[in-house]
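The lines below spell out each chain.
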Amino acid sequence: MSSKEKQFICLKEAAELLGISAGTMKKIIENAEGLAYTRLGRKILVNKDTLLKYMNEHSIIRTNA
C-alpha cells in the first residue's frame with residue numbers, strides 16, 4: 001500500500017470500490033459476521049484490505065453439475 005493510499009475507507013468509498021450502493025454496503029457491514037468496522041460518531045470506517053479479503057473469502061463459485 002502506498003503512503004498516500006488510505007488504510008480505512010468510509011462507507012461510500014467501500015461501496016464505490018465494490019460497485020454497489022451505499023445502502024447495500026451498510027447492510028453488508030451491519031449484517032456480516034466477521035467483518036470488522038469502526039464507528040466514529042455517525043461515520044462508519046472499514047479497513048480496505050480487510051474488506052477485500054472478506055469479500056474474496058465469501059465469494060460463491062458456481063459450477064455446472
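Since this is a predicted model, take the numbers as computed values, not measurements.

**Q** Can you break down the overall build of the protein residue by residue, with the values?
**A** Looking only at helices and strands, one finds 3 helices and 3 strands in the protein. Summarising its shape, the C-alpha atoms of the protein cover approximately 45 × 30 × 20 Å along the three principal directions. A buried classification covers 25% of the 65 residues belonging to the protein. For the protein, long-range pairs separated by at least 24 residues make up 47% of all intrachain contacts whose partners lie at least 6 apart in sequence.

**Q** An account of the sheet that holds strand 1 (residues 8-10) is needed here, citing residue identities and associated values.
**A** Read from one edge of the open sheet, 3 strands run 1-3-2, paired in antiparallel fashion. For this open sheet the edge positions go to strand 1 and strand 2 (38-40), each flanked by a neighbour on one side alone. Strand-to-strand twist across the sheet, computed as the mean angle between neighbouring axes with direction ignored, equals 35°. As paired elements, strand 1 and strand 3 (residues 43-47) share 3 bridges and run antiparallel to each other. When the bridges of strand 3 are listed, isoleucine 9 appears paired with valine 46. Helix-sheet contacts for helix 3 (residues 48-57) involve strand 1 and strand 3, and the interaxial angle to strand 3 is about 70°.

**Q** Give a description of the packing of helix 1 (residues 11-18) against helix 2 (residues 22-31) that names residues and reports values.
**A** Running from amino to carboxyl end, helix 1 crosses helix 2 at an angle of 100°, the nearest separation of the two axes being 8 Å. For the element pair helix 1 / helix 2, the angle class is roughly perpendicular. The residues of helix 2 that touch helix 1, namely those facing Leu11, Ala14, Ala15 and Leu18, are Ala22, Met25, Lys26 and Ile29. Across the contact of helix 1 with helix 2, the residue classes break down as 7 nonpolar, no polar and 1 charged.

Cut-offs and rules
Residue numbers here run from 1 along each chain, matching the order of that chain's written sequence. Only residues with pLDDT of at least 70 get local features here, since the model is predicted, and only at 80 or more are side-chain atom pairs given and counted; chain-wide, interface and lining totals rely on the full set of residues. Remark: hydrogens and water are excluded; side-chain values derive from all non-hydrogen atoms of the structure. Helix and strand definitions here come from DSSP, where helices need a minimum of 4 consecutive H or I residues and strands a minimum of 2 consecutive E residues; each element is numbered from the N-terminal end. Using a 1.4 Å probe on the protein chains alone, a residue whose accessible area is under 20% of its type maximum counts as buried, one over 50% counts as exposed, and one in between counts as partly exposed. In this description, contact between two residues means that some pair of their heavy atoms is separated by no more than 4.5 Å. Two strands qualify as a pair provided DSSP detects at least 2 bridges between them. Angles shown run from 0 to 180 degrees and are taken between the N-to-C directions of axes, each axis being a line fitted to C-alpha atoms and, for helices, limited to the stretch in contact. If an angle is under 35 degrees, it is roughly parallel; if it is over 145, roughly antiparallel; if it lies from 65 to 115, roughly perpendicular; otherwise it is oblique. Any residue that is not Ala, Val, Leu, Ile, Met, Phe, Trp, Tyr, Cys, Pro, Asp, Glu, Lys or Arg is counted as polar, Gly included; the first ten are nonpolar and the last four charged.

The analysis is restricted to geometry; functional conclusions fall outside its scope.
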